[in-house]
Amino acid sequence: SLTAGIKIKKEVANAFVKRKKRSSPYEWYFEYYKSPMEQMHEQCENYPPCDYLSDQVGFALAYNRFFG
């Protein structure tokens, strides 16, 4: 559904904002124990061809293209 997509985008945006300022031990803990999905997203974001392609075709397709 549309609302699920919006909710995910909002969570991703919030996680990105939080990642910018890793101040509290609570945030550090979650930075250290990331979900596999979060690790996959960062692996793709840190590899420019994957990051670019994910903007074009979506994260899942881009990730599978380079790391799948």
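- As annotated in an unreviewed UniProt entry, the protein chain carries the name MGP protein and comes from Horornis vulcanius.
- Turning to the protein chain, the UniProt annotation filed under Subcellular location (unreviewed entry) states: "Secreted".
- Among the UniProt annotations of the protein chain, the heading Sequence similarities (unreviewed entry) holds the following wording: "Belongs to the osteocalcin/matrix Gla protein family."

**Some details on the overall build of the protein chain**
Reasoning step 1: Secondary structure assignment for the protein chain yields 5 helices and 0 strands.
Reasoning step 2: Reading the protein chain from its N terminus to its C terminus gives the helix and strand order α-α-α-α-α.
Reasoning step 3: Per-residue burial over the protein chain gives 16% buried out of 68 residues.
Reasoning step 4: Considering only contacts in the protein chain between residues 6 or more positions apart, those separated by 24 or more positions represent 6%.
Reasoning step 5: Put simply, the protein chain shows about 5,700 Å² of open surface, and 61% of that area lies on carbon and sulfur atoms.

**A short note on the nonpolar core**
Reasoning step 1: Counting residues in each nonpolar core, the largest one holds 5 residues, listed as Cys 44, Cys 50, Phe 59, Ala 62 and Tyr 63.
Reasoning step 2: Here this core takes 3 residues from helix α5 (residues 59-67), the largest share from any one element.
Reasoning step 3: Excluding its chain neighbours within four sequence positions, the residues that come into contact with Phe 59 are Met 37, Met 40, His 41, Cys 44 and Ser 54.

**Overview of the packing of aromatic side chains**
Reasoning step 1: According to the stated counting rule, one finds 4 aromatic pairs in the structure shown.
Reasoning step 2: On the basis of an interplanar angle of 45 degrees and a centroid distance of 5.6 Å, the ring pair of Phe 59 and Tyr 63 is categorised as tilted. With Phe 59 and Tyr 63 both in helix α5, this residue pair falls 4 residues apart, about one helical turn. The pair Phe 59 / Tyr 63 is uniform in exposure class, with both members buried.
Reasoning step 3: By the ring-pair criterion, three or more aromatic residues cluster together here, those being Tyr 47, Phe 59, Tyr 63, Phe 66 and Phe 67.

Calculation rules
All residue numbers refer to positions counted from 1 along the written sequence of the respective chain. Only residues with pLDDT of at least 70 are given local features in this predicted model, and only at 80 or more are side-chain atom pairs given and counted; all residues enter the totals for whole chains, interfaces and linings. Remark: hydrogens and water are excluded; side-chain values derive from all non-hydrogen atoms of the structure. UniProt positions are given in the numbering used here, feature names are shortened, and annotations may be inferred rather than shown by experiment. Comment: elements are numbered from the N terminus, with helices defined as DSSP H or I runs of at least four residues and strands as E runs of at least two. The cut-offs for exposure are 20% and 50% of the maximum accessible area for each residue type, with area from a 1.4 Å probe on protein chains only; residues under the lower value are buried, those over the upper are exposed, and the others partly exposed. Any two residues whose heavy atoms approach within 4.5 Å at even a single point are treated as in contact. Computed with a 1.4 Å probe, the accessible areas rest on the Shrake-Rupley method; for each residue, only the protein chains presented here act as cover. Side-chain atoms within 4.5 Å link the members of a nonpolar core, which is a set of buried Ala, Val, Leu, Ile, Met, Phe, Trp, Tyr and Cys residues. Here the aromatic set is Phe, Tyr and Trp, taking the six-membered ring for Trp, and pairing holds for ring centres within 6.5 Å; pairs whose planes are under 30 degrees apart are stacked, those over 60 apart are edge-to-face, and all others are tilted.

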